[in-house]
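Read off the chains here:
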Amino acid sequence: MSNYSSQSVKAFAKAVLRGFGCNDGEAEIVASHLVDANLTGHDSHGIGMLPLYGEQILDGNLIPNQQPVLHEPVGAISIVDARRGFGHRMALEALDHAMQCVPEHKVAILALRDSGHVSRLGAYSEYCAAKGYVSLHMVNVVGHAPIVAPFGARESGFSTNPISMAMPVGGKARPLLDIATSTVAFGKVRVASNKGEQMPAGCLVDEQGLETRDPDPMAKSRIGALSAFGAHKGSGLGIFVELLAGALASTDTVATMEHLPHGVINNMFSVIIDPTAFDSQEAVEKRTMEFYDFIKARQPAVGTDSVQLPGEPEQHNRQQRTDNGIPVDDETVRQIVDIATRFDLSGDDTAGLLNPVGN
């Protein structure tokens, strides 16, 4: 395990993405998104996704430099067909298209369909907050077998189905909620397997539906399933994310979408709200921060330093990793270099872009 400067991790990711066939603009967007996921501590959605993206391109299920189809809005509702382009860019273009409805309607509802992996969902709440908008985003995952066991089941029935939402304060997402409806994202199982570590209790079940902490069967062979967080409550949320993002906003749920080689297809259901429809921006921000400060002032539990609001761990991680470097395990680097060589990139030259902090 080494810590690398964020600048070198981004240069490394951009080189691999250009090798995949992404133009400079798309490589910049995707690399920036992945590195920011690493900076915020969500390594499951960081540069470790690159081997999967490369496999998808080789299989024809992820298309560099794709142009989305931007359908004419119906009232405040916009539908965008990403045509299996890189989700990081597709989602931003789709949000920009949908937000053109906000001046007239004070709200925009987006259905993004058939997109490549959109990665860390909180990035889109941050994007909307920077424009002064409240937003809510839900994503379902199709194209592969489900990986999360519904409450009471021994086999999987939906995927990690994340939810993100944020309030805008001064152009920042504050607070920011970004959660999977599974106990953990699948990428965290992959990371634990690469590091040779056990999973925390309560995250995985084996093929009998019994708890296990061993990540390898799930990470390497998809044996077992992730558990839904909060038992029946998280399971219920995951089911409704599937319905809103898949049955309503798109044309497929995990029950009907064909399974693709290395398939990860995302559909995103988003609601973007202009808070000035309710009151002045200043008044809404004031009430938000009054409640924010009220929660922060609660006495922490014994053994806890302070009460944290959603988004604060990411802020802390971003600062710490910007200063001290991004930790990337050797196995993840090896996997990325391996996929790069399959696109005729030099493994040594590509790996040489990584700069260990302190060197």
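Each remark here, short or long, concerns the structure printed above.
Numbering of residues starts from 1 in each chain and follows the order in which that chain's sequence is written. Side-chain atom pairs in this predicted model are given and counted only at pLDDT of 80 or more, local residue features only at pLDDT of at least 70, and totals for whole chains, interfaces and linings cover all residues. To obtain the side-chain values, all non-hydrogen atoms of the structure were included, while hydrogens and water were left out.

Visitor: Help me understand the state of the cysteines in this model?
Guide: Count a disulfide wherever a pair of cysteine sulfur atoms falls within 2.5 Å. Per the stated rule, a full pass over the model turns up zero disulfides. Just so you know, Cys-128 is unpaired, no disulfide at all, and the nearest cysteine sulfur is the one on Cys-101, 13 Å from it.

Visitor: Would you explain the packing of helix α1 (residues 6-20) against helix α12 (residues 330-341) in this entry?
Guide: Describing two packed helices takes the angle between their axes plus the distance from one axis to the other. In this analysis, axes come from line fits to C-alpha atoms, helices being fitted only over the stretch in contact, and the angle between any two N-to-C directions falls in the range 0 to 180 degrees. Helix and strand assignments follow DSSP, with helices taken as H or I runs no shorter than four residues and strands as E runs no shorter than two, numbered in order from the N terminus. Between α1 and α12, the shortest axis-to-axis distance is 9 Å and the interhelical angle comes to 30°. Overall, the two elements α1 and α12 adopt an arrangement that is roughly parallel. As α1 packs across α12, the resulting crossing turns out to be left-handed. For the pair α1 and α12, contact is made by Phe-12, Val-16 and Phe-20 and by Ile-336, Val-337, Ile-339 and Ala-340, respectively. Each residue receives one of three labels: charged for Asp, Glu, Lys and Arg, nonpolar for Ala, Val, Leu, Ile, Met, Phe, Trp, Tyr, Cys and Pro, and polar for the others, Gly being one of them. Each residue belonging to the contact of α1 with α12 can be placed in one class, and the counts come to seven nonpolar, no polar and no charged. Relative orientations are named as follows: roughly parallel for angles under 35 degrees, roughly antiparallel for angles over 145 degrees, roughly perpendicular for angles from 65 to 115 degrees, and oblique for any other angle. In this scheme, a crossing is called left-handed if the near helix is turned counterclockwise away from the far one by less than a right angle; it is called right-handed if the turn is clockwise. Working rule for contacts: check all heavy atoms of both residues, and any pair within 4.5 Å makes them a contact.

Visitor: Before we go on, may I ask you to explain the nonpolar core in this structure?
Guide: Grouped burial of nonpolar side chains is what soluble globular proteins tend to show. Counting 30 residues, the largest nonpolar core has Val-9, Leu-17, Phe-20, Ile-47, Leu-50, Tyr-53 and Phe-86 as its most contacted members. If you list the elements that add at least two residues to this core, you get α1, α2 (24-39), α3 (50-59), β13 (326-328) and α12. Those residues in contact with Tyr-53 that lie beyond four places of it in its chain are Phe-20, Leu-34, Leu-62, Phe-86, His-88, His-117 and Ser-119. Formed by 21 residues, the second largest nonpolar core is a distinct cluster that contains Met-90, Ala-94, Ala-98 and Val-102. Side-chain atoms within 4.5 Å are what join buried Ala, Val, Leu, Ile, Met, Phe, Trp, Tyr and Cys residues into a set we call a nonpolar core. Remark: exposure states derive from per-residue accessible area (1.4 Å probe, protein chains only) relative to the maximum for the residue type, with buried under 20%, exposed over 50%, and partly exposed in between.

Visitor: Quick question: what am I supposed to make of the pattern of salt bridges here?
Guide: If charged atoms from side chains of opposite charge come close, those side chains can pair. Salt-bridge detection follows one rule: a side-chain nitrogen of Lys or Arg within 4 Å of a carboxyl oxygen of Asp or Glu. A complete count under the given rule lists 16 salt bridges for this structure. Between Glu-126 and Arg-318 there is a salt bridge, and its shortest N-O distance comes to 3.7 Å. Of the two residues, Glu-126 sits in helix α6 (residues 122-130) while Arg-318 sits in helix α11 (residues 312-324), which places them 192 residues apart along the sequence. Assessed through its relative accessible area of 23%, Glu-126 is described here as partly exposed. The partner of Arg-334 in a salt bridge is Glu-331, and the shortest N-O contact between them spans 2.8 Å. With Arg-334 and Glu-331 both in helix α12 and three residues apart, this pair spans about one turn of that helix. Under the relative-accessibility criterion, Arg-334 is labelled partly exposed at 46%.

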